[in-house]
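# Structural overview
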Amino acid sequence: MSSFNNGTDSLTFDAKPYAFTFPLKHTALLVIDMQRDFLLEKGFGEIQGGNLEAVQASIAPTKKLLEACRGAGMTVVHTREGHKPDMSDCPSSKLVRQAAAPNNTQHKLVIGEKGELGRLLVRGEYGHDIIDELQPLPGEVVIDKPGKGSFWNTEILHKLKARAITHLIVSGVTTECCFATSIREANDRGLECCGIEEATSGYNDACFKKSTLDMIHWSQGLFGFIGTLQPLLDILAPLAVSSRNAESTPPQTPPIFDGDLTIPSLQQAYRNGLSLVTVAEALYDKIEAYQKTDPAVWIHLESRDNVISAAKALAAKYSDRKALPPLFGIPFSVKDSIDVAGLQTTTACPPLAHVASTSAVVYDRVVSEGALFIGKTNLDQLATGLTGCRSPWGIPHSVYHKDYISGGSSSGNAVSVGAGLVSFSLATDTAGSGRVPPGFNGVVGYKPTRGTISFRGVTPACLSLDCIALTTCTVSDARTLWQILEDFDSSDPYSKPTLAFERHVNSIGAQAKSFKFGIPPPEALAICSLPARRMFNETVAKLQKMGGLLTSFDWSPFQKAGQLLYDGTFVSERLASLPDDFLEKNRSALHPVILELMDAVVARQSTAVQAYRDLQAKALYTRQAAQVFAYAASGIDVLVVPTAPTHWTIKEVLADPIKKNSILGEFTHCGNVLDLCGAAVPAGTYPVSELSGKEDEGVLPFSVTFLSGSRLDAEMLEIARRFEEAFKAEAC
Ligand code: TIU
């Protein structure tokens, strides 16, 4: 019997054509177009001749539904129909068809024209926004849609997948128009929908509404389900009571900080009244104590007073603890190649150090969502290396053992999370820098598909292959951050548009129980240490136990792409990112290993012809890898690899720095070359003695990385999250 809990704790309520069963964690409430323009006097709907009384009937039931779903902790998605002020996203059919009808007496004003609530259905206008009683809370998703359906030219499917949503409870207006169209569109994409009768209404009579709803559930559920409000409220109510009780505990004694730094736990504690200052004080006690264990974690640490002032300012800004932004009071660090305005960015390379005038996009974004900045962390110089042993600011060690490396280049970054000094850390990953250090410190390292998070404001290592990486305590936290940070940045030349390739959702299947995974062939795994090999075999068995189907695939593009990174010409891009004659001018200021590496790159005298050949090879391997993750029966969902083949001691690395470094990248190098996404996830510990052959009481962490194709982050993260959950359940 598997201990794997796939998060499908399900609820069931009466519906047509039969009872609707939905997994709470994978279900979102969709509230469609509850905008002033559709619901209030003088709005677009009334101007079109709509029956306002009929449409307003859905407001009170929708409010009840919204509160019940919020109380149960469900994902909430609001939509708003409307257009850009320049109307470039409005098809002419929406403007002319109805107005052009012979004998038209209703459509005197069309979309974009000025009504009393502002320009009709234009974004930013008063009438376009959601009515006061149903305003979204911070953290809820708002989708601006140009169509009647919610899926045409919007990011809704992407955002639902990013949250692992497979089921929708649907409400909103109007029944005959956007409500029905959205359910039909959702149905084509594989989502299971249940519309709630009282929480939708339209501009016509009851007969019209009934026909619309009947069409949805006709023929044993042609498009979906239709239920009524009360049975759903009845099953959600018990879930709301428990959280409300927790929230209403009288704060006679202020809640105590239990040390749990995961985002949902800390958020819940804040909602229950925990003081940010208490958390900041506790963290600083811990940070100061850890300085004695490892003084090489930070390049810049904010002062205790600064952080306490920032905590007080945040608490004052968000005084309503029921409406907190998603990262309210969540402490974080950043790798010191990421700009923070007013502070030095060193990239662990003194000649490059400069005071940043503006902050990196990633920093600004997390701060704007309430996160609390603690400091900038150590890294391998120029973000080049996987060991953590290449910085003038010292060598951090693994949080598990003082003799063993922290990994790099995001060394201090992973230690700051692993030692419980911050909840998350912003990092970068070019050759594996955002995966290897989390692997060596027992935390999660997620590298999204390149270009989906802005790289603006970060010192490049190898710009066309650089990627933002997120270091977190859990896969869910990584996913939360990704949702906040993912955005197209037109000022970042490597940014990718956010609209993703559409793969349908499997409400049962890949997202629920089974998935296909591949592993490297035995000859590739032979590079692993004995304990890494044993732990990897055990991980494969666990993946099979939780429903994974071990599937064969062609490993060669992954292996060849990895070699391309350092054996080919791509390493020259590291020099291309530096000022001309940087090497000559700064030889004495560089770390000796970095200097040796850079000299070797220059000595190769790579030609443009070689570089083009490598680019062509990269394109070929990328296409081949995409086929491995294809939307086809032969494809796999994820490739699972050991994050690193072994765990070196600091001494071993110092004795042979370049060779030892290159071995660590065996399973990470291909990631950005092939435009993959990947997440390193803890997979247990093993005795140090098993690795060293010497007596040692300690243990070291083992980590596996889940890799998948470009833009398949949502699918990959959900499998990684389920692995993490299964693993924790087994450990308990
Ligand atoms: N015209 C009409 O009935 N409805 C819309 O245009 N949008 C929605 O239904 N939300």
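Owing to the predicted nature of the structure, the values given are computational and were not obtained by experimental measurement. (Residues numbered from 1 in each chain as written. Predicted model: local features only at pLDDT ≥ 70, side-chain atom pairs only at ≥ 80, totals over all residues. Heavy atoms only, no water.)

### Side note on the nonpolar core
How we decide: The definition of a nonpolar core used throughout is a set of buried Ala, Val, Leu, Ile, Met, Phe, Trp, Tyr and Cys residues joined through side-chain atoms within 4.5 Å. Residue burial is assigned from relative accessible area. The probe radius is 1.4 Å, only protein chains are included, and a residue is buried under 20% of its type maximum, exposed over 50%, and partly exposed in between. Comment: elements are numbered from the N terminus, with helices defined as DSSP H or I runs of at least four residues and strands as E runs of at least two. Only heavy atoms matter for contacts: two residues are in contact if any of them lie within 4.5 Å across the pair.
If you look at the biggest cluster of nonpolar residues, it comprises 119 residues, and the most contacted ones within it are Leu426, Phe558 and Phe706. If one sorts the elements of this core by residue count, helix 28 (residues 713-731) sits on top with eight residues. What phenylalanine 706 contacts, discounting residues up to four positions off in sequence, is Leu543, Val638, Leu639, Val640, Cys677, Gly678, Ala679, Val681, Met716, Ile719, Ala720 and Phe723. The next biggest cluster of nonpolar side chains, apart from the first, holds 42 residues, and it includes Leu11, Phe44, Val55 and Met74.

### Some thoughts on empty space enclosed by the protein
In plain terms, the rule: Two kinds of site are reported from a 1 Å grid over the protein atoms alone, namely cavities, where a 1.4 Å probe fits but cannot get out, and pockets, open sets with protein on both sides within 12 Å along at least five of seven lines, and residues are called lining when an atom falls within 4 Å of a point. Grid points are joined across faces, edges and corners, and a volume is the space filled by probe spheres set on the points. Under the grouping applied here, Gly and all other residues not named as nonpolar or charged are polar, the nonpolar ones being Ala, Val, Leu, Ile, Met, Phe, Trp, Tyr, Cys and Pro and the charged ones Asp, Glu, Lys and Arg.
Applying the stated criterion to the full structure yields eight cavities of 30 Å³ or more. Taken together, 13 residues line the largest cavity, and the ones lying closest to its centre are Gly451, Ile453, Phe455, Asp466 and Cys467. A per-class count over the lining of the largest cavity returns seven nonpolar, three polar and three charged.

### A short note on helix 16 (residues 475-485)
The buried count for helix 16 comes to nine of eleven residues, which makes it a mostly enclosed element. Taken together, the buried positions of helix 16 are occupied by Val475, Asp477, Ala478, Arg479, Leu481, Trp482, Gln483, Ile484 and Leu485.

### Overview of helix 14 (residues 411-418)
Most of helix 14 sits out of view: seven of its eight residues are buried. Looking one or two residues beyond helix 14, the residue adopting positive phi is glycine 420, at roughly 75°.

### Describing the domain arrangement of the protein chain
To be explicit about the condition: Domain start and stop points were drawn from an automatic or database domain assignment. Two parts placed together each lose some accessible area under a 1.4 Å probe, and adding up what both lose gives the buried area. We define a salt bridge as a contact between a side-chain nitrogen of Lys or Arg and a carboxyl oxygen of Asp or Glu at a distance within 4 Å.
Entries for the protein chain in the domain assignment read domain 1 (12-36 + 52-81 + 134-240) and domain 2 (263-492 + 515-731). For domain 1 and domain 2, the distance between their C-alpha centroids amounts to 38 Å. Taken together, the contact pairs ten residues of domain 1 with 14 residues of domain 2. Summed over both sides, the interface of domain 1 with domain 2 buries roughly 910 Å², with 52% coming from carbon and sulfur. Summed over the three residues of domain 1 that lose the most area to domain 2, namely Pro138, His158 and Ala162, the buried surface amounts to 44% of that side. Connecting domain 1 to domain 2 are two salt bridges. Salt-bridge contacts for glutamate 715 lead to lysine 161; the nearest nitrogen and oxygen are separated by 3.3 Å. For the side of domain 1 that touches domain 2, the residue count by class is four nonpolar, three polar and three charged.

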